[in-house]
Amino acid sequence: MALLNSLEELDKLKQELLSRKDPNKPCISICAGAGCIASGAGEVIAAFEAEIKKQGLSARVETKGTGCPGYCQRGPVVVIYPEEICYLQVKPEDVPEIIEETIKGKKIVERLVYIDPDTEEKATLESEIPFYKYQERLNLSNNIKIDPKSLDDYLAIGGYSALAKVLFQMTPEQVIDEIKKSNLRGRGGAGFPAGIKWEGSRNAPETTKYVIVNADEGDPGAFMDRALLEGNPHSILEGLAIGAYAIGAQEGYIYVRQEYPLAVENIGIAIEKATEYGFLGENILGSGFNFKVMVHQGAGAFVCGESTALMTALEGRAGEPRPKYIRSNIRGLWEKPTVLNNVETWANVPMIINKGADWFTQIGTDGSKGTKIFALVGKINNTGLVEVPMGMPIRDIIYKIGGGIPGGKKFKAVQTGGPSGGCLPENLLDLPVGFDELVQAGSMMGSGGMIVMDEDTCMVDVARYFLNFLTDESCGKCVPCREGIRQMLKILTDITEGKGKEGDIELLEEIAEVTGTAALCALGKSAPNPVLSTLKYFREEYEAHIREKRCPALSCKDLIAFYIDPDLCRACMACLRKCPAGAIVGAKKQIHVVEQEKCTKCGTCFEVCRFDAVKKISGEPVPPPLPEEERTLTRKGKE
Amino acid sequence: MQEKDLIPVLERIQKKYGYLPLQALKSVARELGVPAVQVYGAATFFKQFRLNPPGKYQIEVCMGTACYMAGGQVALDSFERRLKIGVGETTPDGEFSLERVACVGCCNLAPVAVVDNVVEKNVTPTRVDGILLSLGLSEENKENKENSNAQGK
């Protein structure tokens, strides 16, 4: 590929790419995101390639391993263009049938399409599936259309036109004005307006400036940034280059988690290709603008998602945050003005430049514009990535898109904002998702984790889980965070182990207030959220643990026991065989008994019992086992 | 090379040796001209770095929120019980090492464990036994299991 030296050359290349592309040529897109790969997408891709070769169709049919379209629950996902037929949970053995029926015969393989669990209605096209129908996928919809390793694919969907537009038609000030007008707020957590951040750096007197992509996605249960990095890396590079042009930076860094090898690989290839074509490097598209991008692999530290900690790590030290008397957009990386934005924020930039701030501000609420990608996980039927307009009620996300709670269980809470977010109860389900709305309710947007919890989830244990995570991840630089979180964790652990005492709740509230007020960075300041929000909405669960030594959700190991109801036990040996601790005694025709002192409370017996004989109890003594001579099963119960 | 290369250099060493040997840390400090304490500080601060050799089979149990809620802790307990090691440790025969990781992004398959870079889904205590047996868990541990089951019968 020869370097593109002008706008005309770029246009010519795009024309060429489009004319070479036959819109009627079948293209089989197979999601090769981490979720689908774990479900066997690699084998499916190989099967398609082999079958197409075997049938001699290579010239007529295209196959693509793409980024994640979001529907992880039903992966591996396959979409066939141009019709956009969507097949779910595809296995290698389905491949010959798909080729025969759909590619050659233009017919649908009915058993592989989406079937609504309630109405049993079928949905053949991607856009008809309820999971997708209610979304507004400005960012994610491109993932399944392009091969992330191909720059031509990105150009074919209009890629790098925004960069060309700013370089040749806009001054840096105009770019900043457009971003300010769009009210694009940071998608990484705090929701700071990107345009204002950029303007600060633009106006700083230094000549060396930096832009950074924060791709250190450390929230457990959140993987939207990874989907963009893996699935559409050029959109991030394009946004970054536009930002660099706007503030006057010539160097950019992508700080990406090492735990995301495919993201590292794809972004690396994207940088290489973009440099080869002339979208990065010296004299970009002949405009005179120079910009190069480096990848830095984060070595695993949640706190490095914090902007100043990330910059410290980039400089080659342990990633500890620093005080922000002066913001990092004025004095950041190596003390130079630095604009750091989250992956999703950068990915929104080319769209805003292409379609205009007026278009962008039509989507969303007054305070929060555009869309937001959430990782919808936990006790939900449709686990996956969803992109919705800001302002959509949480209820719609969980029920219309997410398909509700599995197993007929009752909804209990939804946790947003990552480890230091908060848990919202059922009566807040109609809350519109937005930066300010979530903060007012005691939680936050965070990077977009949305974890649904059902009646089996203990809210005290959830708070303990998050604080345990944060204790591990606190860098230890400031005392309120280091000690505050640790002390709260100790109290919460005591409560979940049945060692809670009167006054614990008040003490938790006091420590939470101090930690939240006095900690140095956002990690510590928001660390009390899980405790305070669960205390606010689920206080009675804390009280049951402390006063009655009872876990209402039957989840806290030290407060529950498993026992087998002798009236229901059919002595089928299922639990006895499966028990990994050998804690169940019995034999054929001998009613089984759990030996409490050996039981590790893993719940295997509870899961495998087909007669509902295994009971979980809390807050009451375990009934004494039947005397051995009475354990012989009498036939009366048998039908 | 300079100070800013510290973390990438450590990453490359770990990639080659599987861990960061103390001798290597000292060389890095010398080559980069930074204090040894800064090298050691970074090596112990970031979760990806390890200062002792990993096992032949590396088991990482996901402790992301979705996995935790679906029984990730139970899975981790089961691995600990069977392997008789704690998190961050390697079995004395050098066969297995056990880690907890924050989230591998396969929440639809929760609880998951990553065994030698392959995602194992729905890791129940019985599945833990299956995984370990398929990796040839040492005879001694297998016998233990058989004994305890025999007692159960």
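Further up the page is the structure itself.
Cut-offs and rules
- Residues numbered from 1 in each chain as written.
- Chains lettered and ligands numbered in written order.
- Predicted model: local features only at pLDDT ≥ 70, side-chain atom pairs only at ≥ 80, totals over all residues.
- Heavy atoms only, no water.
- Contact = heavy atoms within 4.5 Å.
- Buried area = accessible area lost by both parts, 1.4 Å probe.
- Salt bridge = Lys/Arg side-chain N within 4 Å of Asp/Glu carboxyl O.
- Polar contact = N/O pair within 3.5 Å; in protein donor to acceptor, adjacent residues only side chain to side chain.
- Helix = DSSP H or I, 4+ residues; strand = E, 2+ residues; numbered from the N terminus.
- Nonpolar A, V, L, I, M, F, W, Y, C, P; charged D, E, K, R; others polar.
- Buried < 20%, exposed > 50% of the residue type's maximum accessible area, 1.4 Å probe, protein only.
- Disulfide = S-S within 2.5 Å.
- Pairing = 2+ DSSP bridges.
- Axes fitted to C-alpha atoms, helices over the stretch in contact; angles between N-to-C directions.

Participant: Which parts of the structure should I look at to understand the interface of chain A and chain B?
Facilitator: How big an interface is tends to be stated in terms of the accessible area lost upon association of its parts. In this complex, chain A contributes 67 residues to the contact, which on the side of chain B involves 42 residues. In this assembly, chain A packs against chain B so that about 4,000 Å² is buried in total across both faces, 56% of it on carbon and sulfur atoms. Counting across the chain A and chain B interface gives three salt bridges. For the salt bridge of aspartate 77 of chain B with lysine 557 of chain A, the shortest nitrogen-to-oxygen distance reads 2.6 Å. Here chain A and chain B share 17 residue pairs in polar contact (both at pLDDT 80 or more) between them. Here the side of chain A that touches chain B gets eight residues from one element, more than from any other, and that element is helix 18 (residues 459-473) of chain A. Of the residues assigned to the side of chain A that touches chain B, the class counts are 31 nonpolar, 20 polar and 16 charged.

Participant: I keep staring at the pattern of salt bridges and nothing clicks. Help me out?
Facilitator: Think of it this way: side chains of opposite charge can pair up when their charged atoms draw near. Residues and elements named next belong to chain A. Counted according to the given criterion, the structure contains 42 salt bridges over all chains. The salt bridge partner of arginine 547 is glutamate 502, with a shortest N-O separation of 2.8 Å. Of this pair, arginine 547 sits in helix 22 (residues 529-547) while glutamate 502 sits in the loop between helix 19 (479-496) and helix 20 (504-518); the two residues are 45 residues apart in sequence, bridging distant segments of the chain. By the burial criterion, arginine 547 is exposed, and glutamate 502 matches it.

Participant: For this particular structure, what's the right way to read the state of the cysteines?
Facilitator: Simply put, disulfide is the name for a covalent bond between the sulfur atoms of two cysteines. Residues and elements named next belong to chain A. The full count for this structure, using the stated rule, is zero disulfides over all chains. Here cysteine 478 stays unpaired: no disulfide links it, and the sulfur of cysteine 481, its closest cysteine neighbor, is 5.0 Å away. When its relative accessible area of 17% is taken as the criterion, cysteine 478 is described as buried. Free cysteine cysteine 551: the closest other cysteine sulfur is in cysteine 458, separated by 3.8 Å. A relative accessible area of 1% places cysteine 551 in the buried class.

Participant: Quick question: what am I supposed to make of the sheet that holds strand 10 (residues 338-342) of chain A here?
Facilitator: Pairing between the strands of a sheet comes from backbone hydrogen bonds, and it takes one of two forms, parallel or antiparallel. Residues and elements named next belong to chain A. The four strands are arranged 9-8-7-10 in an open sheet whose pairing can be described as parallel. Taken across any chain shown, the strands that pair with only one partner, and hence form the sheet edges, are strand 9 (292-298) and strand 10. Across this sheet, the average inter-strand angle for adjacent strands is 20°, counted without regard to direction. Pairing between strand 7 (residues 210-215) and strand 8 (residues 251-257): six bridges, direction parallel. Looking at the pairing, valine 211 lines up with glycine 252 of strand 8. Packing of helix 14 (residues 343-355) onto the sheet brings it into contact with strand 7 and strand 10, and relative to strand 10 it is tilted by some 95°.

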